[in-house]
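Read off the chains here:
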Amino acid sequence: MGYVDEVLESVQKKNASEPEFLQAVKEVLDSLRPIVDANEEVYRKAALLERIVEPDRQIKFRVPWVDDKGQVQVNVGYRVQFNNSIGPYKGGLRLHPSVNIGIIKFLGFEQIFKNSLTGLPIGGAKGGSDFDPKGKSDNEVMRFCQSFMNELYKYIGADVDVPAGDIGTGAREIGYMFGQYKKIRGVYEGVLTGKGLSYGGSLVRKEATGYGLLYFTAEMLKCNGKDIAGKTVAISGSGNVAIYAAEKAVQLGAKVVTMSDSTGWIYDAEGIDLDAVKELKEVRRARLSEYRNYRPNSEYHEGRGVWSVKCDIALPCATQNELLLEDAKMLTANGCFAVAEGANMPTTLDATEYLKANGVLFAPGKAANAGGVATSALEMSQNSERLSWSFEEVDEKLKGIMVNIFHNLDDAARRYGAEGDYVVGANIAGFEKVADAMLAQGVC
Ligand code: NDP
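Residues numbered from 1 in each chain as written. Predicted model: local features only at pLDDT ≥ 70, side-chain atom pairs only at ≥ 80, totals over all residues. Heavy atoms only, no water.

**Quick look at the environment of Lys222**
Here is step 1: In this structure, Lys222 sits in helix α9 (residues 205-222).
Here is step 2: Its relative accessible area of 55% is what places Lys222 among the exposed residues.
Here is step 3: Once the C-alpha coordinates of Lys222 and Gly128 are considered, the two residues, 94 residues apart in sequence, prove to be 37 Å apart. (Helix = DSSP H or I, 4+ residues; strand = E, 2+ residues; numbered from the N terminus. Buried < 20%, exposed > 50% of the residue type's maximum accessible area, 1.4 Å probe, protein only.)

Here it is in structure tokens:
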């Protein structure tokens, strides 16, 4: 049995109850085969793969808080610090009822390679809780965030581990957590990113993942002889990533016709009214079913279905495993020629294979959505030098980073005989730097 298969088998045995983590490890290790085969002796001796699939540490803690009725509630908090070979741990905090250790591990593992791809010195981590901010008052969210930080603060710091937002963790939650960290530690440092502009946040951070996704997609299309202008785009999700992906798609001349949330999806043939979606989601925290009040000619459907509409480009921006094999078949049949992942692992392995086999350009999330963490790293730089850069300056850097990421992975795919396979390219390009650093730093 080859080295990759041996490690996959052992990961499967040790983590049998964590399907998302197993899926992520399989996707990465499978595509690393060419580079592992070329360096098998060195990697094996150093147990490099065994080390890279095992987190440095995983922290689990109780998060008690008091709701508005005076009732004590208890949630579980997690931080998985996966790998800090190339820089301090960095990765978001997810607040969603579906959160468990397997999901946090899958996200932390992916984050290692994504962070490496940005070219910036940041290691991989992820955290969160099964707390659901939906339907909670601001005071309840604040009490939860304070309690969460009462434990998390022990493990993080500006040069140690710098968490950020993710599903359910936006500017409000980051603000409450930052306030609590400052109170407990008595230091004012860039320990979290995604902060408000008045207290150390960076311009463009809010837009970064969505804008970066479109900068990456536009470059991928350009290098394949296509142009995004005039194209029809289907987007899932209506959160931070989805909204700013839609905004940049429109700025680049495309038309966005769908968005979704966890209860249903909207179709607006004339192009989604983003001001309406922003008001619904960012201001009122309401459901997309109300979109028809703004645009009576649009359609609202309960449940799944975003991928059934005719489009040229699909951008899954909601959550993991939301684009299934049957969706990939519908997209391909309807003429979709590019899928770029705004969310983390939104496409299942069989759907990814189907899309690639049918000539659809496929951009994996760890490359295409890296603009968020890259801009977080730019926020860290600004905090360190105690300066704030202009919107144009950060946006220009973001664009440069995304274009670079595309060319790095395109080049890695070519070097290892997998031209046009951006999954292989992204995994190899992300892995190379981390592997070098791990080997150089000895057994630790
Ligand atoms: P948000 O919480 O802002 O939005 C998430 C969106 O996805 C919402 O529309 C939500 O609907 C929907 N959604 C969440 N869970 C489900 C589900 N189980 N089924 C269907 N829809 C669901 O999160 P973000 O936009 O920040 O994150 C979206 C994705 O992008 C995640 O995979 C995240 O890890 C990834 N990502 C985010 C980055 C960032 O900078 N924010 C950076 C890189 C990746 P509802 O409103 O009903 O909950």
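**Some thoughts on the site of the ligand**
Here is step 1: Taken together, the neighbourhood of the ligand is formed by 26 residues, with Asp166, Thr209, Ser262, Arg287 and Asn344 sitting nearest.
Here is step 2: The contact in question runs from an oxygen atom of the ligand to an N or O atom on the side chain of Lys134, over 2.9 Å.
Here is step 3: Between the ligand and the protein, one listed contact pairs an oxygen atom with a side-chain N or O atom of Asp166 at 2.6 Å.
Here is step 4: Elements supplying a minimum of two residues to the shell around the ligand: α9 and α10 (240-251).
Here is step 5: Three or more residues apiece are contributed to the shell around the ligand by two domains, here domain 1 (58-192) and domain 2 (208-368). (Near = heavy atom within 4 Å. Polar contact = N/O pair within 3.5 Å; in protein donor to acceptor, adjacent residues only side chain to side chain. Domains from an automatic or database assignment.)

**So, the packing of aromatic side chains**
Here is step 1: One pass over the structure, following the stated rule, counts 15 aromatic pairs.
Here is step 2: Measuring from ring centre to ring centre gives 6.0 Å for Phe21 and Phe109, while their planes differ by 85 degrees; the resulting arrangement is edge-to-face. On the criterion of sequence distance, the pair formed by Phe21 in helix α2 (residues 19-31) and Phe109 in helix α6 (residues 101-117) is long-range, its members being 88 residues apart.
Here is step 3: For Phe21, a relative accessible area of 0% puts it in the buried group.
Here is step 4: The exposure class assigned to Phe109 is buried, which follows from its relative accessible area of 0%.
Here is step 5: Members of the aromatic cluster, connected to one another through ring pairs, are Phe61, Trp65, Phe131, Phe144 and Phe148.
Here is step 6: Cation over ring: Lys136 sits above Phe131, and NZ or CZ is 5.2 Å from the ring centre.
Here is step 7: For the cation-ring pair, Lys397 lies above Trp389, with the distance from its terminal atom to the ring centre recorded as 4.4 Å. (Phe/Tyr/Trp six-rings, centres within 6.5 Å; stacked < 30°, edge-to-face > 60°. Lys NZ or Arg CZ within 6 Å of the ring centre and 35° of its normal.)

**A word on the nonpolar core**
Here is step 1: Phe109, Phe216, Met259 and Phe431 are the most contacted members of the largest nonpolar core, which totals 104 residues.
Here is step 2: Take this core: its biggest share by element is ten residues, from helix α17 (residues 422-440).
Here is step 3: Per-domain counts for this core show at least three residues from each of domain 1 (58-192) and domain 2 (208-368). (Core = buried A, V, L, I, M, F, W, Y, C linked by side-chain atoms within 4.5 Å.)

**Side note on helix α13 (residues 349-357)**
Here is step 1: Those residues of α13 not exposed but buried are Ala351, Thr352 and Leu355. Down the axis of α13, the buried set is contained in an arc of 100 degrees. They therefore lie on one face.
Here is step 2: For α13, the elements touching its buried residues are α12 (325-333), β11 (338-340), β12 (361-363) and α17.
Here is step 3: In the stretch just after α13, Gly359 is the one whose phi turns positive, near 75 degrees. (Arc of directions from axis to C-beta. Contact = heavy atoms within 4.5 Å.)

**Considerations on the pairing of strand β3 (residues 89-95)**
Here is step 1: The buried count for β3 comes to seven of seven residues, which makes it a mostly enclosed element.
Here is step 2: For β3 and strand β4 (residues 123-129), the ladder comprises five bridges, and the chain directions are parallel. Considered in β4, the bridge of Leu95 is made with Ser129.
Here is step 3: You can see the chain leave β3, run along α6 and come back into β4, and the turn it takes is right-handed.
Here is step 4: Bridge count for β3 against strand β5 (residues 161-164) is four bridges, and the pairing is parallel. (Pairing = 2+ DSSP bridges. Right-handed = clockwise from strand over helix to strand, strands pointing away.)

The analysis is restricted to geometry; functional conclusions fall outside its scope.
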